[in-house]
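If you want the building blocks of each chain, they are given just below.
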Amino acid sequence: DGEYRKELEREILANDLASSVHLLGAMRPEEILRELRQADIFALTCVPGKAGGIEGQGVVYAEAQSVGLPVVASRIGGAEESVLDGKTGILCEPWNIDEIFEALVFFIKNPIERESYGLAGRLYALEKYSLRNMHLKFRKLYLECVGN
């Protein structure tokens, strides 16, 4: 969803893409996982919102990588913190349609690279975002804050 949804819906209809482009909107976690597991590539190329806001956390990138998907994302906000450019995905400049297109074509035409990036992403997500590692990081931060 979001502030560009209506504009995207108009573009989809104007370009006769309604049978192949679906805007799924908000979904429950189990629905998201099902969709991710059926995919070959995860692409979410964000742009700044009309008021200047950006995706800050990038949790969805970690979710996609955790199931072994290579990622195509914009070099903006949380994506830069969550995706290792050239290893777990490809970061593109916001609004650069040619660069986004090239990244998608790269993964489509190179199944071995797609699998390699996906595996690297899975290992990265499991290492960086595992409950154990997150617990250790929070514990370390807590101890730093209380002066121990």
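Here, every reference points to the structure presented above.
In this report, we go over the structure that sits alongside the text. (Residues numbered from 1 in each chain as written. Predicted model: local features only at pLDDT ≥ 70, side-chain atom pairs only at ≥ 80, totals over all residues. Heavy atoms only, no water.)

Section: the overall build of the protein chain
Here is step 1: If you tally the helices and strands in the protein chain, you get seven helices and three strands.
Here is step 2: With the C-alpha coordinates of the protein chain rotated into their principal frame, the extents come out at 60 × 40 × 30 Å.
Here is step 3: Residues classed as buried in the protein chain amount to 26% of the 148 residues present.
Here is step 4: Excluding contacts between residues fewer than 6 apart, the proportion of contacts in the protein chain whose partners are at least 24 apart in sequence is 53%.
Here is step 5: Of the charged side chains in the protein chain, 17 are positive and 23 negative, and the gap between their average positions amounts to 7 Å. (Helix = DSSP H or I, 4+ residues; strand = E, 2+ residues; numbered from the N terminus. Buried < 20%, exposed > 50% of the residue type's maximum accessible area, 1.4 Å probe, protein only. Contact = heavy atoms within 4.5 Å. Lys, Arg positive; Asp, Glu negative; His and termini not counted. Charge placed at Lys NZ, Arg CZ, Asp CG, Glu CD.)

Thoughts on the packing of aromatic side chains
Here is step 1: In total, this model carries five aromatic pairs according to the counting rule given.
Here is step 2: Seen from their ring centres, phenylalanine 107 and tyrosine 117 are 5.0 Å apart, and the 80 degrees between their planes marks the pair as edge-to-face. With a gap of ten residues between them, phenylalanine 107 in helix 5 (residues 97–109) and tyrosine 117 in helix 6 (residues 111–129) connect regions that are remote in the sequence.
Here is step 3: Residue tyrosine 117 is classed as buried on the basis of its relative accessible area, which comes to 11%. (Phe/Tyr/Trp six-rings, centres within 6.5 Å; stacked < 30°, edge-to-face > 60°.)

Examining the packing of helix 3 (residues 59–66) against helix 6
Here is step 1: For the pair helix 3 and helix 6, interaxial distance at closest approach is 7 Å and the crossing angle is 120 degrees. By the angle between their directions, the pair helix 3 and helix 6 is classed as oblique. Crossing of helix 3 against helix 6: the hand is left-handed. Along its contact with helix 3, which presents Ala62, Gln65 and Ser66, the element helix 6 presents Gly118, Gly121, Arg122, Tyr124, Ala125 and Tyr129.
Here is step 2: Of the residues that constitute the contact of helix 3 with helix 6, the class distribution is four nonpolar, four polar and one charged. (Axes fitted to C-alpha atoms, helices over the stretch in contact; angles between N-to-C directions. Parallel < 35°, antiparallel > 145°, perpendicular 65-115°, else oblique. Left-handed = near helix turned anticlockwise from the far one by under 90°. Nonpolar A, V, L, I, M, F, W, Y, C, P; charged D, E, K, R; others polar.)

Observations regarding the sheet that holds strand 3 (residues 89–92)
Here is step 1: Ordered in space as 1-2-3, the three strands form an open sheet in which the pairing is parallel. Looking at the sheet topology across the chains shown, the edges are occupied by strand 1 (42–44) and strand 3. Neighbour to neighbour, the strand axes of the sheet diverge by 15 degrees on average, direction disregarded.
Here is step 2: When strand 2 (residues 71–74) meets strand 3, the two strands line up parallel, connected through four bridges. Bridge assignment links serine 74 to a residue of strand 3, and that residue is cysteine 92.
Here is step 3: Where helix 3 meets the sheet, it contacts strand 1 and strand 2, and its direction lies at approximately 170 degrees from that of strand 1.
Here is step 4: Lying on the sheet, helix 5 is in contact with strand 1, strand 2 and strand 3; it crosses strand 3 at an angle near 170 degrees. (Pairing = 2+ DSSP bridges.)

Overview of the pattern of salt bridges
Here is step 1: Counted according to the given criterion, the structure contains six salt bridges.
Here is step 2: The residue glutamate 30 makes a salt bridge to arginine 28 at a minimum N-O spacing of 2.8 Å.
Here is step 3: According to the relative accessible area criterion, arginine 28 is partly exposed, its value standing at 48%.
Here is step 4: Among the salt bridges present, the one from arginine 75 reaches aspartate 85, with a minimum N-O distance of 2.8 Å. (Salt bridge = Lys/Arg side-chain N within 4 Å of Asp/Glu carboxyl O.)

Re the nonpolar core
Here is step 1: Among the nonpolar cores identified, the biggest contains twelve residues, and these are Leu36, Phe42, Cys46, Tyr61, Ala64, Leu69, Val71, Ala73, Ile76, Ala79, Val83 and Leu91.
Here is step 2: For this core, the secondary structure elements donating two or more residues are helix 3 and strand 2.
Here is step 3: Grouped together as the second largest cluster of nonpolar side chains are eight residues, Cys92, Ala103, Phe107 and Tyr117 included. (Core = buried A, V, L, I, M, F, W, Y, C linked by side-chain atoms within 4.5 Å.)

Some words on helix 3
Here is step 1: Residues of helix 3 that are buried include every one of Tyr61, Ala62, Ala64 and Gln65, and no others. Here the buried residues of helix 3 occupy an arc of 160 degrees about the axis, which is enough to place them on one side.
Here is step 2: As for helix 3, its buried residues are in contact with helix 2 (29–38), strand 1, strand 2, helix 4 (79–82) and helix 6.
Here is step 3: Once helix 3 ends, the next one or two residues include glycine 68, with phi positive near 90 degrees. (Arc of directions from axis to C-beta.)

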